[in-house]
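# Coordinate analysis (summary)
Listed below, chain by chain, are the residues.
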Amino acid sequence: MRKLLVDPWALLAILCLAIEAAAPLSAEVPPGPKWLETAVFYQIYPQSYFDSNGDGIGDLPGITAKLDYIQSVGCNAIWINPIYESPFGDAGYDVADFFKVAPRYGTNEDLKNLCTEAHKRGMHVCLDLVAGHTSIAHPWFQQSALDKPNRYSNWYIWTPAGESVPGSQPFPGEHNRSDRYLPNFFPFQPALNYGFARPDPKEPWQLPTTDPACVAVREELKRVMKFWLDFCADGFRVDMAFSLVRNDPDNEAIGALWRYYRSWLDKEYPEAVLVSEWSDPAVAIPAGFHIDFLIQIGQPAYGILLGPLSWPNGYSRDPHAFFERAGGGDIKPFVENYLKNYTATKSRGYISMPTANHDIPRPTCGRDEQEVRTIFAMLLTMPGVPFIYYGDEIGMNFLYPAPDKEGGPSERYRAVVRELRCSGPRRRTRAFRLHQPKSFTFRSIRLGHDRMSRLRRKIQHPC
Ligand SMILES: [Ca+2]
């Protein structure tokens, strides 16, 4: 058996030398707000962070109460997963009102207070921007689904009822159109219509990106960003940022769309940042993002390194990851891919590899403390902006199996549709609120103050 703690460090040293060769000390600092150069983010999944009122769900006052703690870890920025009004079929990634904080998390004023307290401490607050879709409970979609044409009819992508378009969904209801809509992920997340880069002339339902409806959607997203930036936010992490424009094989139209937003931000909000869930830095950063996550989707780099979706099997993992004690992985494809992306983007933006996120098991899954410390030493000293998934700073375990409270596709969808069938249009929003879980529990295992102190030192003094 190969020894884990020899090969990784040797190869890490080789990687560092390669990065240094690719980026001499005189390398240009990427454009963007100055605060990004020293930012260390703390990602918070709000429902299972600190619960200030004891109702079983984490909330915004709870995050505010923990700002000193977050700062003590060495973090000076936070990204909060979606906090907007939602039926919570997908943990808030099914937004029903982009301009309102979900009552279970508090109020808009609670968010403003959180930002104020963060700014007092020199910290920054980024929100989650769910740009590509809404909930079927969103008023835009409910209007769009009506038989009678209206302003919102083409804000979503509707395919003819008699045409078999992969993935299209019916939306039953007494006054609803017979067309089918295209979801962006789960069926209850209809895709907003930013248009098709290359619409098929034989398919008139495929609108070009210049169609007035698509332009209206584009401008509405800008209005959402402006609302929160004026309110208190310092930027956004953009959910599925790659997904907005359809049939865009060269990424030209999606790149143009995000460059449009970035140009506007640079002019009106130069201190604001855009972080993409794209996992293709060579595309996302030229498209205008300050930071792109290199994660478990898209390119295989992060998967080769951590195998976040691989399963532990004794000292090995299936499929293999580089960070496994049995040493069955191979770091070369990661190094090649990382250097290719880094070389292409180092003067334009940042590549960030988080310790974990809300979509993958924590790195403690199937690993011991030595292994996790080795992983964090690498992730927190690589170029780019560090992102620490809440709880990783205390070595929180990954609990499996755990009950699935939010995020299931089929059962949840049926429940939501059932509710819509039973509700008149004016009652629908209230009906969706009833779907919020009554409680949310999250067990954590704190592994000791000494580990947290070591990690804190590593963050504050990475060299
Ligand atoms: Ca609470």
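As a reminder, the structure under discussion sits directly above these lines.
Residues numbered from 1 in each chain as written. Predicted model: local features only at pLDDT ≥ 70, side-chain atom pairs only at ≥ 80, totals over all residues.

### Observations regarding the overall build of the chain
Of regular secondary structure, the chain possesses 14 helices and 15 strands. In the chain, which comprises 463 residues, the share counted as buried stands at 44%. Within the chain, counting contacts between residues at least 6 apart in sequence, those at least 24 apart form 66% of the total. (Helix = DSSP H or I, 4+ residues; strand = E, 2+ residues; numbered from the N terminus. Buried ≥ 20, exposed ≤ 12 C-beta atoms within 10 Å, placed from the backbone. Contact = placed C-beta atoms within 7 Å.)

### A short note on the pairing of strand E9 (residues 235–239)
The element E9 is extensively covered by neighbouring structure, given that five of its five residues are classed as buried. Residues Gly235, Arg237 and Asp239 of E9 are buried on one face, and the alternating residues Phe236 and Val238, pointing to the opposite face, are buried as well. Two strands pair when backbone bridges link them, and strand E5 (residues 124–130) and E9 are joined in this way by five bridges, in the parallel orientation. What sits directly across from cysteine 126, in E9, is glycine 235. Bridge analysis of E9 against strand E10 (residues 273–276) gives four bridges, and the strand direction is parallel. (Pairing = 2+ DSSP bridges.)

### What about the sheet that holds E5?
In spatial order, the strands read E14-E11-E10-E9-E5-E2-E1-E15; together these eight strands make up an open sheet with parallel pairing. Two strands close off the open sheet at either side, each with one partner strand: strand E14 (350–352) and strand E15 (387–389). Direction aside, the axes of adjacent strands within the sheet are offset by 25° on average. For E10 and strand E11 (residues 291–293), the ladder comprises two bridges, and the chain directions are parallel. Following the sheet pairing, serine 276 is matched in E11 by aspartate 292. (Axes fitted to C-alpha atoms, helices over the stretch in contact; angles between N-to-C directions.)

### A few points about the pairing of E5
Within E5, seven of the seven residues are buried, leaving the element largely enclosed by the surrounding structure. The alternating pattern of E5 places His124, Cys126, Asp128 and Val130 on one face and Val125, Leu127 and Leu129 on the opposite face, and all of these are buried. The pairing of strand E2 (residues 77–80) with E5 spans three bridges and is classified as parallel. Across the sheet, the residue bridging to isoleucine 78 is valine 125, located in E5.

### Concerning the sheet that holds strand E6 (residues 158–159)
Taken in spatial order, the three strands of this open sheet run E6-E8-E7, and their pairing is antiparallel. Looking at the sheet topology across the chains shown, the edges are occupied by E6 and strand E7 (169–170). Pairing of E6 with strand E8 (residues 180–181) involves two bridges; the strand directions are antiparallel. Pairing of threonine 159 across the sheet is with arginine 180, part of E8.

### A look at the nonpolar core
Counting 112 residues, the largest nonpolar core has Phe41, Tyr42, Ile78, Cys126 and Leu305 as its most contacted members. Of all the elements, helix H7 (residues 252–268) adds the most residues to this core, at six residues. The residues touching tyrosine 42, leaving out its near neighbours within four places in the chain, are Ile70, Val73, Cys75, Ile78, Ile388 and Tyr390. (Core = buried A, V, L, I, M, F, W, Y, C linked by C-beta atoms within 7 Å.)

### Thoughts on helix H6 (residues 212–231)
Given a rise of 1.5 Å per residue, 20 residues ought to cover 28 Å, and the 28 Å separating the end C-alpha atoms of H6 matches this to within 8%. All buried positions along H6 are accounted for by Cys214, Val217, Leu221, Met225 and Trp228. All buried residues of H6 project into a common sector of 80° when viewed along the axis, lining one side. Exposed positions of H6 whose direction lies more than 90 degrees from the buried face are Pro212, Glu219, Arg223 and Asp230. Elements in contact with the buried residues of H6: E5 and E9. (Expected span 1.5 Å × (residues − 1). Arc of directions from axis to C-beta.)

### Details of the environment of glutamate 406
Along the chain, the position of glutamate 406 falls in the loop between E15 and helix H12 (410–421). Each C-alpha atom of the pair glutamate 406 and alanine 91 lies 5.3 Å from the other, and the pair is 315 residues apart in sequence.

### Regarding unusual backbone geometry
What you tend to see is this: most non-glycine residues have negative phi, and most peptide bonds are trans. The omega torsion of the bond from aspartate 318 to proline 319 falls at -5°, within 30 degrees of zero and hence cis. Phi is positive for alanine 91, which is not a glycine, with a value near 55°. Following the sequence through the fold, alanine 91 ends up in the loop between strand E3 (84–85) and strand E4 (97–101). Since 18 C-beta atoms lie within 10 Å of it, alanine 91 is described here as partly exposed. Even without glycine at this site, serine 279 takes up a positive phi of about 60°. Turning to its location among the elements, serine 279 is positioned in the loop between E10 and helix H8 (281–284).

### Points about helix H10 (residues 332–345)
Taking 1.5 Å as the rise per residue, H10 with 14 residues should run 20 Å; its terminal C-alpha atoms sit 20 Å apart, in good agreement. All of the buried residues along H10 are Phe334, Tyr338, Asn341, Tyr342 and Thr345. All buried residues of H10 project into a common sector of 100° when viewed along the axis, lining one side.

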